[in-house]
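A closer look at the structure
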Amino acid sequence: MPARTLDGDVYVTPLYLAGSTTIGDPAMQPLLDHGFTLQTDELANVYVSSPDQHVRLGFLPEGPDNTLWKVAAHHDPFGPPDWLATFDSNTPTELVTAFTSAVATSYAEDPDTVLTGPRRPAEEGFRPLEGAGWKRGSWRLTTLFTAPDGLAGLTYRGGILDRHAELRGDQDRWLLWGGQDGYSSRWYATFTSAVPVDLIAATTARLADPSPVLRYEVEIPQRNRSAARTRPVLPPVPTPLDVRRATAARARSHGGHLVRRTPAASATTGTLSAVPPARPAHQRRAAAGRS
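Below, the structure is looked at part by part. (Residues numbered from 1 in each chain as written. Predicted model: local features only at pLDDT ≥ 70, side-chain atom pairs only at ≥ 80, totals over all residues. Heavy atoms only, no water.)

**Structural notes on the sheet that holds strand β2 (residues 37-40)**
Where we set the bar: At least two bridges found by DSSP between two strands is the condition for calling them paired. For the purposes of this entry, the term helix denotes a DSSP run of H or I that reaches at least four residues, the term strand denotes a run of E that reaches at least two, and both are numbered from the N terminus. Fitted lines through C-alpha atoms serve as axes, helices being fitted only where they are in contact, and the angles separating the N-to-C directions of these axes extend from 0 to 180 degrees. Contact between two residues is taken to exist if any of their heavy atoms lie within 4.5 Å; hydrogens are not considered.
Spatial ordering of the open sheet is given by β2-β3-β4-β5-β6-β11-β10-β9-β8-β7, a layout of 10 strands whose pairing is antiparallel. Edge positions in the open sheet fall to β2 and β7 (135-139), since each of these has one partner strand only. The sheet shows a mean angle of 15° between the axes of neighbouring strands, taken without regard to direction. Taken together, the five bridges between strand β8 (residues 142-146) and strand β9 (residues 152-157) define a ladder with antiparallel strand orientation. The residue of β9 that forms the bridge with Phe145 is Leu154. Together, β2, β3 (46-49), β4 (55-59) and β5 (67-73) form the strand contacts of helix α1 (residues 25-32), whose direction differs from that of β3 by roughly 25°. Seen against the sheet, helix α4 (residues 123-131) touches β7, β8, β9 and β10 (174-178) and runs at an angle of roughly 25° to β8.

Structure representation (structure tokens):
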């Protein structure tokens, strides 16, 4: 699968209001670049697997619910996963890509670390949000972070959780959310207890990154548009070499007689840094996000 660069006609910030591009290529590409293999089914769902079959990704546009992405790690390729990460269909593509990029890098360094990873404190997953000025709160054994505008958050549930309930989606150790409350505007991502914290930290770092992202304006969820900051993508300014080439081409097209024409005015752009309804079972998550 060739890499595909995201494009669009507007820059959007913050990321958590931009919505999904619905394109799976950018998030799958880091894994494919590290030797993972790709298969599809007759419904156009896509499955990406590590060479040892211990790490798997599913891109499931025709899946049974609103979960578009599932990433899982298995000690036993035929057994239940040791950990599971999910992203629903409204999740910004760049957020999924941050997670899969971290998985690919970790797997390339040592495949075993993706399965177990060093035991790091949850605070490492919180740190990018704290550094970006997100508001921290707590309630009993639950830690909450909320974006300055109140339109994105993280919920971390402490204590003992049932592993099978986590894998079923009945309990959440880590829950990320963003966007205005509503069917197509709010998104959710979840990570079970055994997901290595460094992978989660890579995701929260991207969530807190203020760099604008590209979207076509119609891709931005309608409920999020009034809160998101957008600006149009302006055409590139021609370089002096472009001008000389165009002038020479016009001269040739007029039989060698130079036709002088004032170049059209062009605006300049600044330099940019690189870069739901929730499914019914997750209605409780909307309440958690708003708390």
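**A few points about the packing of aromatic side chains**
Short version of the rule: We call Phe, Tyr and Trp rings a pair once their centres come within 6.5 Å, taking the six-membered ring for Trp, and we label the pair stacked below 30 degrees between planes, edge-to-face above 60, and tilted otherwise.
For the structure shown, the criterion picks out 11 aromatic pairs. Ring geometry for Phe126 against Tyr156: centres 5.5 Å apart, planes inclined by 75°, an arrangement best described as edge-to-face. Of this pair, Phe126 sits in helix α4 while Tyr156 sits in strand β9, placing them 30 residues apart in sequence. Seen in terms of ring centroids, Phe126 and Trp174 are 5.6 Å apart; in terms of plane orientation they differ by 55°. Their pairing is tilted.

**What about the environment of Leu214?**
With respect to the secondary-structure elements, Leu214 resides in strand β12 (residues 213-215). Separated by 203 residues in sequence, Leu214 and Tyr11 have C-alpha atoms that sit 4.8 Å apart.

**As for the sheet that holds strand β1 (residues 10-13)**
One open sheet accounts for three strands, arranged β12-β1-β13; its pairing is antiparallel. In the strand order of this sheet, the two ends are held by β12 and β13 (229-232), each with one partner. Strand-to-strand, the axes of this sheet are offset by a mean angle of 35°, without reference to chain direction. Here four bridges tie β1 to β13, and the two strands are oriented antiparallel to one another. The partner of Thr13 across the bridge, within β13, is Arg229.

**Things to note about the environment of Gln171**
The test is simple: Burial classes follow relative accessibility: with a 1.4 Å probe on protein chains only, a residue under 20% of its type's maximum area counts as buried, one over 50% as exposed, and anything between as partly exposed. In protein, a polar contact requires one atom able to donate a hydrogen and another able to accept it; more generally it is a pair of N or O atoms within 3.5 Å, and residues adjacent in sequence count only if both atoms are side-chain atoms.
Considering the arrangement of structural elements, one finds Gln171 in the loop between α5 (163-168) and β10. Owing to a relative accessible area of 22%, Gln171 belongs among the partly exposed residues under this scheme. A polar contact of 3.1 Å, which involves the side chain of Gln171, links it to the backbone nitrogen of Asp162.

**A closer look at the pairing of β10**
Of all five residues in β10, five are buried, a share of seventy percent or more. Covered by surrounding structure in β10 are Trp174, Leu176 and Gly178 together with Leu175 and Trp177, the residues of both alternating faces. Direction of pairing for β9 relative to β10: antiparallel, over a ladder of five bridges. Within the sheet, the bridge partner assigned to Thr155 lies in β10 and is Leu175. Relative to strand β11 (residues 187-191), β10 is paired through five bridges, and the arrangement is antiparallel. Within β11, the residue paired with Gly178 across the bridge is Trp187.

**Examining the nonpolar core**
Where we set the bar: Residue types Ala, Val, Leu, Ile, Met, Phe, Trp, Tyr and Cys, when buried and joined through side-chain atoms within 4.5 Å, form a set referred to as a nonpolar core.
Among the nonpolar cores identified, the biggest contains 56 residues, and Tyr16, Trp69, Trp83, Phe99, Trp134, Trp174 and Phe191 are the most heavily contacted of them. The biggest single contributor to this core is helix α2 (residues 93-109), with seven residues.

**Concerning the environment of Ser138**
Position of Ser138 among the secondary structure elements: in strand β7. On the accessibility criterion, Ser138 (61% relative accessible area) is exposed. Sequence separation between Ser138 and Thr155 is 17 residues, and the spatial gap between their C-alpha atoms is 9.3 Å.

**A look at the pattern of salt bridges**
Here is the rule we go by: Basic side-chain nitrogens of Lys or Arg form a salt bridge, by our definition, when they fall within 4 Å of a carboxyl oxygen of Asp or Glu.
For the structure on display, the rule yields five salt bridges. With a closest N to O distance of 3.0 Å, Arg136 and Glu130 form a salt bridge. Note on Arg136: relative accessible area 38%, which makes it partly exposed. Residue Arg206 pairs with Asp209 through a salt bridge whose shortest N-O separation is 3.8 Å. The class of Arg206 is buried, set by a relative accessible area of 9%. Residue class for Asp209 comes out partly exposed when judged on its relative accessible area of 25%.

**Side note on helix α6 (residues 197-208)**
What counts is decided by this rule: What a helix is expected to span follows from its residue count: subtract one and scale by 1.5 Å.
Between the first and last C-alpha of α6 there are 16 Å, a value that for 12 residues agrees with the 16 Å anticipated at 1.5 Å per step. Burial analysis of α6 places nine of its 12 residues in the buried class, which makes it a mostly covered element. Every buried residue of α6 is accounted for by Val197, Leu199, Ile200, Ala201, Thr203, Thr204, Arg206, Leu207 and Ala208.

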